[in-house]
Amino acid sequence: MAAAHPNSFKARKTLKVGSKGYTYYSLAAVEKEVGDLSRLPYSLRILMENLVRHEDGTTVKKADIAAFADWVKNGGKSTKEINFRCARVLMQDFTGVPAVVDLAAMRDAMGKLGGDAKKINPLVPVDLVIDHSVIVDNFGNKSAFKENVALEYERNLERYQFLRWGQMAFDNFRVVPPGTGICHQVNLEFLSQVVFQQKVGKETVLYPDTLVGTDSHTTMVNGLAVLGWGVGGIEAEAAMLGQPQPMVIPEVIGFKLTGKLKEGATATDLVLTVTQMLRKKGVVNKFVEFYGEGLEDLPLANRATIANMAPEYGATCGFFPIDATTIGFLKTTNRGAAAKVVEAYAKKQGLWRNKKIEPVFTDTLSLDLGDVEPSLAGPKRPQDRVPLSQASQQFVANMEKEFERKDTGKRVPAGSFDLGHGDVVLAAITSCTNTSNPYVMLGAGLIARNANKFGLKVKPWVKTSLAPGSQVVTEYFTASGLQKELDKVGFNLVGYGCTSCIGNSGPLSDEVTKAIGDGDLVVCSVLSGNRNFEGRVNPLTRANYLASPMLVVVYALAGSMKIDITKDPIGTAKNGKPVYLKDIWPSNTEVSKFVTKFVTAKAFKKRYADVFKGDKFWRSIKTKPSLTYSWDDKSTYVRNPPYFEGMGKVPGSISNISGARPLGQFGDSITTDHISPAGSIKKDSPAGKYLEEHGVAAKDFNQYGTRRGNHEVMMRGTFANIRLKNEMVPGVEGGFTHDYRSDEPVPIYDQAMRYKKEHTPQILIAGKEYGTGSSRDWAAKGVNLLGVKAVVCETFERIHRSNLVGMGVLPLQFKDGMTRKSLNLTGHESFDVGGIEGGLKVGMDVPMTIHRRDGTKETVTLTCRIDTAEEIEYFKNGGVLHYVLRNLAHAA
């Protein structure tokens, strides 16, 4: 590394910590030549160090590094494209399985191209944490965890065998087995180093810990001053294979925090407030960096909660610089041995938060923490915060506004109880966003304890669950005695994983399910998650609310969203008197005392001692090591994808799009959940029919997320969300479209296959925020396999736009003021997209001709959202994996 490095700024230096010397690349040395960098945001200093260390004169040039000084001089703006190389990659199993499938397929394709299959191998460390597969089938009893784990292995054995093969077949690839925790919490508590120590020959090189992850909430670790963000699986695979991540030096929005949280306000309330503010501000494709005196009293757990929800407020990342709080957290989580090196390096590099210097930001906004009030977010989007005091009246208003129903107050019999509109049927303590935060978790335990003192019970129609993001939570719950209290109110441990937050809430009881159907009821879920999009949490809960774990317990006790829990009784005590929220809510001081006493380095040491070893189920999985994977044509979980079929060493020419028919026309905020759902597979859906044809009984369908290694299932599941609204078939919900020769609703998959058979290209039309939500690569892969050539919308979410390019689908954006409505698009048009054959350019104008049903036509100008020169090469090759594969084959 050192010999090939130009070291243009003479930045290669030695740092002594104690008796040991380390090599590092000094930002101070760069500053001597390019000018004052003292006001460069800390997140950009990490990006800059990355370029200094990887300078090679080709992919990283001296001018790229100097551009950061210009960024400061130009008030936080730049058009300079840079190449970022992450230190490592993080995966979860839903996105990890298809990524490993792609790598296995690339090994096969490499052999067919005459190259060396061994070259298809991660070049940077990869950690895959199996956390998305456990489903809440069993709950509310002591055996729930054991039974759910057994079912998880029964359902997913084939996937886990494949991952065990990958663990043996690929270098630099580790798997954290099921039942350990959620990838982001495991990353925060164990995997992250803050400052990497890499052995290079006889030297140890220090550099900031950076990563990309195949889950959008990779940003959680920004709270620990680790710079990382979510990408699609295809982009992560490219990073694994040594490809840099091209990006323009981003704008950085400074978010100033002042004051302190008041009594009764939680980290969840804070993050919902921050999310609402930043989504309104508009921070897509931008970094957000937090600063100000408010950081002094903000525990790292709260920082991580805020950083976690960067995808919800739309930013690439939400970054907190290194300071004493960072070091304290490393010590608490049993990483004290590295803390001295982290502190010394951060101070030497100017990465330690300087309270006296305010960085230059592209723009700023601020929040007094004292203004944060208890809140929920819902009923459909995480940015739709509602103060707790207004939650009940907002739900009543939404009955007509959002759900087009009138609430007459009528209740439907459901066995031993009645069910009505607004009843909370699912209350889940789940998701790394909040289960990583011991303040709100122990707070939930204290509420359970206080409720038990009054003899309060959870309403019988509520399905309760506790799914922590790591085993450490169980350790401090057990030590404090609060797990027993949670068990008494039905919040027994159901598993360590995402569960309800990713849609794995499991079925509701038969009587509740029947009552909802009989009464066409709008019932609710309350979960401590980060996403509440339509159809995500549970197909039967139309209204879904994000809340702190503490409020999850409260709403389980209250049983209804129509109760104003700030004023109305939560329930009735054993003595017949009403119990109010203030009677069971613990003080901030009491919660802090429990955190100090029970969240210890000893707990982290114990629970992470054998993190890669797994339980007896994992250790019993048998698989044989081999260079290439032995594909099973009968498998319904893992299939060899068709991306590389007919691929030569030289890319074919790209052509204009002619006569494209719309497959779908959608409104605003179409999420990756709408495009590629992760929930249950309906028996009468194209995916359900495929599985039945291949001998899979309906009870064994599992879910879309677990079938992501099988392209046949996933392309049939594209646009299969039951709440999807395609404007081409008004009044119809679900995965339907029409054929231009008929207005009759037909399944999107069936119509796509008809168009493909007729060699008719397809196009998608949409509104604002297309592709918001999870970093779901199948939302692009499925679209590609259906035959879609371009997506035209008002605005794209960052990760999905990148995924589309990575799969060879052209992202096009309407000019300001132009929409599908202003163009009077109905879904009966055909489209020609020109200007492509002449040579693509970054951000170029592209003409699109609209041929209408009445024979008239109109040509409009769109913006091509291929944003970097590197992305143009990806697109020319048919996608990023094709580009990487051809380069490796040429180098063979």
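Further up the page is the structure itself.
Within any chain, residue numbers begin from 1 and follow the written order of that chain's sequence. This being a predicted model, a pLDDT of at least 70 is required before a residue's local features are given, and a value of 80 or more before pairs of side-chain atoms are given or counted; all residues contribute to the totals for chains, interfaces and linings. In computing side-chain values, all of the structure's heavy atoms are included and hydrogens and water are not.

Student: Mind showing me how you'd approach the overall build of the protein here?
Tutor: Numbering of helices and strands starts at the N terminus; helices are DSSP runs of H or I of at least 4 residues and strands are runs of E of at least 2. Regarding its fold elements, the protein presents 31 helices and 34 strands. Whereas a compact globule of 892 residues would reach a radius of gyration of roughly 29 Å, the protein reaches 27 Å, a difference of no more than 12%. Looking at the protein as a whole, 64% of its 892 residues are labelled buried. Across the protein, every contact between residues at least 6 apart in sequence was considered, and the portion connecting residues at least 24 apart equals 76%. Each radius of gyration is computed over the set of C-alpha atoms, and the globule rule expresses the reference value as 2.2 Å times the number of residues to the power 0.38. Think of it in three bands: with a 1.4 Å probe and only protein chains considered, a residue is buried below 20% of the maximum accessible area for its type, exposed above 50%, and partly exposed in between. Contacts between residues were defined by any pair of non-hydrogen atoms, one from each residue, lying within 4.5 Å.

Student: Where do I start with unusual backbone geometry in this structure?
Tutor: Each neighbour pair has its own omega, and for Gly378 with Pro379 the value is 10°, a cis peptide bond. Summarising the element assignment, Pro379 is placed in the loop between strand S16 (375-377) and strand S17 (385-387). Here the phi dihedral of Glu404 falls at roughly 55°; this positive angle occurs in a residue that is not glycine. On the basis of relative accessibility, which here comes to 71%, the residue Glu404 falls in the exposed class.

Student: Sorry if this is basic, but what is going on with the packing of aromatic side chains here?
Tutor: Pairs of aromatic rings are described using the distance from one ring centre to the other and the angle between the two planes. Stacked, edge-to-face and tilted labels apply to pairs of Phe, Tyr and Trp rings (six-membered ring for Trp) whose centres lie within 6.5 Å, assigned for plane angles under 30 degrees, over 60, and everything in between, in that order. Within this structure, the stated rule accounts for 26 aromatic pairs. Summarising the aromatic geometry, the rings of Phe162 and Tyr629 are spaced 4.8 Å apart at their centres and angled 80° between planes, so their arrangement reads as edge-to-face. One end of the pair, Phe162, is in helix H5 (residues 144-169); the other, Tyr629, is in the loop between helix H23 (616-619) and strand S26 (657-665), with 467 residues separating them in the sequence. Each member of the pair, Phe162 as well as Tyr629, carries the same accessibility label: buried. An aromatic cluster of three or more residues is present, and its members are Phe162, Trp165, Phe170, Tyr629 and Trp631. For Lys616, the ring lying beneath its charged end belongs to Phe617, and the centroid distance is 5.6 Å. A positively charged side chain is recorded as over a ring if its NZ (Lys) or CZ (Arg) lies within 6 Å of the ring centre. The angle to the ring normal must also be within 35 degrees.

Student: Where do I start with a positive patch on the surface in this structure?
Tutor: Surface patches are drawn from residues lacking salt bridges whose relative accessible area is over 30%; two like charges belong together within 9 Å, two nonpolar side chains (Val, Leu, Ile, Met, Phe, Trp, Tyr) within 5 Å. Here the open area of atoms and residues is found with the Shrake-Rupley method and a 1.4 Å probe, where only the protein chains shown may cover a residue. A carboxyl oxygen of Asp or Glu within 4 Å of a side-chain nitrogen of Lys or Arg is what we treat as a salt bridge. Counting rule for charge: Lys and Arg are taken as positive, Asp and Glu as negative, and neither His nor the chain ends is counted. Lysine's charge is taken at NZ, arginine's at CZ, aspartate's at CG and glutamate's at CD. Together, Lys142, Lys457, Lys484, Lys488 and Lys574 line one region of the surface with positive charge. For Lys574, the position within the fold is in the loop between strand S24 (571-572) and strand S25 (578-579).

Student: Would you explain the sheet that holds strand S12 (residues 252-258) in this entry?
Tutor: Sheet strands associate in pairs through backbone hydrogen bonding, adopting either a parallel or an antiparallel arrangement. One open sheet accounts for four strands, arranged S14-S13-S12-S15; its pairing is parallel. Where the open sheet ends on each side, the last strands, each with one partner, are strand S14 (317-319) and strand S15 (363-368). Neighbour-to-neighbour, the strand axes of this sheet turn through a mean angle of 20°, independent of strand direction. Here S12 runs beside strand S13 (residues 287-291); their pairing, made up of five bridges, is parallel. Note that in S13 the partner of Ile253 across the bridge is Val288. For helices, the axis comes from a line fit to the C-alpha atoms of the stretch in contact; other axes are also lines fit to C-alpha atoms, and the angle between any two N-to-C directions lies between 0 and 180 degrees. Contacts from helix H2 (residues 42-53) reach S12, S13 and S14, with the element oriented near 125° to S13. Following DSSP output, two strands are said to pair if at least two bridges run between them.

Student: How should I be thinking about a negative patch on the surface in this particular structure?
Tutor: On the surface, a cluster of negative charge is contributed by Glu293, Asp368, Asp371 and Glu373. Looking at where Asp371 falls in the secondary structure, it is placed in the loop between S15 and S16. We classify Asp371 as exposed; its relative accessible area is 55%.

Student: Can you walk me through the sheet that holds strand S10 (residues 227-230) in this structure?
Tutor: The sheet built from five strands is open, its strands ordered S6-S5-S4-S9-S10 with parallel pairing. Taken across any chain shown, the strands that pair with only one partner, and hence form the sheet edges, are strand S6 (173-176) and S10. When strand polarity is set aside, the average angle formed by the axes of neighbouring strands in this sheet is 20°. Sheet analysis places strand S4 (residues 88-92) next to strand S9 (residues 210-213), joined by three bridges and oriented parallel. Pairing of Val89 across the sheet is with Val212, part of S9. Where helix H4 (residues 93-112) meets the sheet, its contacts fall on S4, strand S5 (126-129) and S6, and the angle it forms with S4 comes to roughly 115°. Running over the sheet, helix H6 (residues 183-191) touches S4, S5, S6 and S9 and is turned about 140° from S4.

Student: How should H4 be read in this particular structure?
Tutor: Along an α-helix, residues three or four positions apart point the same way, because every turn accommodates 3.6 residues. Expected span, for any helix, means 1.5 Å times one less than how many residues it has. Look at H4: 28 Å from first C-alpha to last across 20 residues, which is about the 28 Å you get at 1.5 Å a residue. The element H4 is largely enclosed, with a buried count of 18 among its 20 residues. Where H4 terminates, the next one or two residues include Gly114, which has phi positive at roughly 85°.

Student: What is the right way to read the side chain of Asn492 from this model?
Tutor: Its place among the elements puts Asn492 in the loop between helix H17 (482-488) and helix H18 (510-519). Since its relative accessible area comes to 4%, Asn492 is described here as buried. Distance and chemistry together define a polar contact, namely a pair of N or O atoms within 3.5 Å, with one atom able to donate a hydrogen and the other to accept it when in protein, and with adjacent residues in sequence counting only for side-chain atoms on both sides. Of the polar contacts made by the side chain of Asn492, one reaches the backbone nitrogen of Asn141; its length is 3.4 Å. In terms of polar contacts, Asn492 uses its side chain to reach the side chain of Asp487, at 3.4 Å.

Student: In this structure, what is going on with the packing of H2 against helix H3 (residues 62-73)? I would like to understand it.
Tutor: When two helices pack together, their arrangement is given by the angle between the helix axes and by the axis-to-axis distance. Closest axis-to-axis distance for the H2/H3 pair is 9 Å, and the angle between their directions is 160°. When the interaxial angle is binned, H2 and H3 end up roughly antiparallel. You can see that H2 and H3 cross each other, and the crossing is left-handed. Along its contact with H2, which presents Leu44, Leu47, Met48, Leu51 and Val52, the element H3 presents Asp64, Ile65, Phe68 and Trp71. For the contact of H2 with H3, the residue count by class is eight nonpolar, no polar and one charged. By definition in this entry, angles of less than 35 degrees are roughly parallel, angles greater than 145 are roughly antiparallel, angles of 65 to 115 are roughly perpendicular, and the rest are oblique. Handedness of a helix crossing follows the sense of rotation of the near helix relative to the far helix, less than a right angle counterclockwise being left-handed and clockwise being right-handed. Only Asp, Glu, Lys and Arg are considered charged in this grouping, and only Ala, Val, Leu, Ile, Met, Phe, Trp, Tyr, Cys and Pro are considered nonpolar; every other residue, Gly among them, is considered polar.

Student: Which parts of the structure should I look at to understand the pattern of salt bridges?
Tutor: Two side chains with opposite charge may pair up if their charged atoms get near one another. Under the definition given, this model contains 54 salt bridges. Glu871 is the partner of Arg801 in a salt bridge, and the nearest nitrogen-oxygen pair spans 2.8 Å. Of this pair, Arg801 sits in helix H29 (residues 798-806) while Glu871 sits in helix H30 (residues 869-876), and the two are 70 residues apart along the sequence. The class of Arg801 is buried, set by a relative accessible area of 7%. Between Lys815 and Asp845 there is a salt bridge, with the nearest N and O atoms lying 2.6 Å from each other. Within this pair, whereas Lys815 is found in the loop between strand S31 (810-814) and strand S32 (830-833), its partner Asp845 is found in strand S33 (residues 845-851), the two being separated by 30 residues in sequence. Accessibility expressed as a relative area gives 29% for Lys815, which makes it partly exposed.

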